[in-house]
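Per-entry structural report
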Amino acid sequence: MTKDVVKNIVLEIIAVVAPDEDLSDLRGDVRLRDQLDMDSMDFLDIVMELRKRYKVEVPKEDYPRLATLDGCVEYLQPRLAAVNVPV
Amino acid sequence: MSVIPDNQRIVITGVGLTSPIGNTLAQMRRSLLDGVSGVTSIETRFMGRVLAGVCRFDEKQYQAGKERRRGTRAGAVSIFCSHEALKDAGIELKDRDTSRVGVFIGVTEHGTVETENEIAAIREYNYDVKYWSHHHNPRTVANNPAGEVTINLGIIGPHYTIGAACAAGNAGLIQAAQMLRLGEVDLAIGGGVSESIHSFGIFASFAAQNALADHADPTRASRPFDVDRKGIVVAEGGALFVLERLTDAKARSARIVCELVGYAMNSDAADPVLPTPQRLSQCMRKALDRARLEPSDVDILNTHATGTELGDIQEAEAIRDVFAGCSGVFVNNTKSYIGHAMGAAGALELAGNLPAFQDKVVHPTINVDRLDERCAMTGLVLNKPRTASRVNVILNNSFGMLGINSVVIVRRWAD
């Protein structure tokens, strides 16, 4: 359940960043860039949305941990909890 | 017969536009002949209600959602107009070597809107620049509108904008013609665009200059040459043309809209905002000389007049000087319908007059209840369309701040 909430948070942001994409069959274990038409600027949009919406800072050295949806969930779950997002 | 070889003659073969009175040339023309204004009232940041010429085209018609999210309004206007112009010209870029296609778009300014938006966005975060967008630089580089067109259409030839204040629409067209004549490109998209109504600063600066029009009825606010004119109505829009060398247009049996027979640009070298009649006259004469035409050969003259007190008078003085004794020249104005579309103005106003080559009707300048006698000109068409016995030559004035002047002359195509 908790992971599902985090996953939905990430999917909501991806839907804003990549509005033309169908996210219904997005696989959790495959790189987002390999499934979606996304580039580094889109990726920075995800980082910015996390900052704006949840005050979560993702340092540059951690970017590789957001490469997949599963990676995003694993990385963000404790950080969202730390800023009191009810996950 | 022209003495210029066909491979140096430049023709317009497609028109794409969005204006406050229509998103096609046919719609715009209908509004011009019916006296329909496109000026309305909008809310703008810090200023509240202002009057503006607003375009209503579907940004998603030619752009994906992500492109729109990343891009600018000027980019969206440019992309829409480019697609429409190519379609009008019957050109499919997939059949073309796009390294031989160029995009040359006139802008009054670019980046003002995006910078204001970004500052407003970080204001929500106590001006913490961590929240400043990484999209700011690609959105505000001066080539943005033309560059967005090349990305959208896969054009790998040259692209840039031409910063030419409110002379930019003509300047984009002139640049396109020059690049074709130089053999740098085989097909050019040229003209001008404006997104200026999305910047509060542009309205505020005109207001501070006492040059921003207002009226209880927005459709009556833009009134060049009228005694009660109060200044400019800022508008957005765009008009981009497909231009080709005559030889290439003929080779593909293109429908030719008109020939670009003359153009000129010069500088007042005087005042940052006030025009200089002698330089305006010189610019018109230079364009006529290049076209090998006499003033009396002109059938329609589209004035630049924006509705400011002195600017309208100065242009009228220049026109009276150049066209003295020419009783057959019809003089009109298009800003009275759409407001001042800034970088798009010259191109949009030229476009609006082009159908006169077929229907021989000259659209008037509207909203003139009492003509300012200092703006009186022989042949000035007021409030109601006039039918001409011939329309073979149209001269289009477009002037801008810092004393930049541009004149374009087009001739009806008759092979």
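What counts and how
Residues numbered from 1 in each chain as written. Chains lettered and ligands numbered in written order. Predicted model: local features only at pLDDT ≥ 70, side-chain atom pairs only at ≥ 80, totals over all residues. Heavy atoms only, no water. Contact = heavy atoms within 4.5 Å. Buried area = accessible area lost by both parts, 1.4 Å probe. Salt bridge = Lys/Arg side-chain N within 4 Å of Asp/Glu carboxyl O. Polar contact = N/O pair within 3.5 Å; in protein donor to acceptor, adjacent residues only side chain to side chain. Helix = DSSP H or I, 4+ residues; strand = E, 2+ residues; numbered from the N terminus. Nonpolar A, V, L, I, M, F, W, Y, C, P; charged D, E, K, R; others polar. Buried < 20%, exposed > 50% of the residue type's maximum accessible area, 1.4 Å probe, protein only.

1. Thoughts on the interface of chain A and chain B
Taken together, the contact between chain A and chain B spans 16 residues of the former and 13 residues of the latter. For chain A, the biggest contributors to the area lost against chain B are Met41(A), Met48(A) and Lys52(A); these three give 35% of the whole. Our count for the chain A to chain B interface comes out at six salt bridges. Linking chain A with chain B are 15 residue pairs in polar contact (both at pLDDT 80 or more). Of all the secondary structure elements, the ones that give two or more residues to the side of chain A that touches chain B are helix H1 (2-17) and helix H3 (40-54) of chain A. With seven residues, H3(A) is the largest single contributor of residues to the side of chain A that touches chain B. Tallied by class, the residues present in the side of chain A that touches chain B amount to seven nonpolar, no polar and nine charged.

2. Some points on the pattern of salt bridges
Following the criterion strictly, the structure yields 38 salt bridges over all chains and no others. Ionic pairing is found between Asp359(B) and Arg29(B), a salt bridge with its closest N-O pair at 2.9 Å. Of this pair, Asp359(B) sits in helix H14 (residues 356-359) while Arg29(B) sits in helix H1 (residues 25-34), placing them 330 residues apart in sequence. Close ionic contact of Lys87(B) with Glu84(B) constitutes a salt bridge, the shortest N to O distance being 3.3 Å. Taken together, the positions of Lys87(B) and Glu84(B), both in helix H3 (residues 73-89) and three residues apart, correspond to about one turn of that helix. Using a relative accessible area of 54% as the deciding quantity, one classes Lys87(B) as exposed. Residues joined by salt bridges that share partners form a network here, namely Asp39(A), Asp42(A), Asp45(A), Lys66(B), Arg69(B) and Arg70(B).

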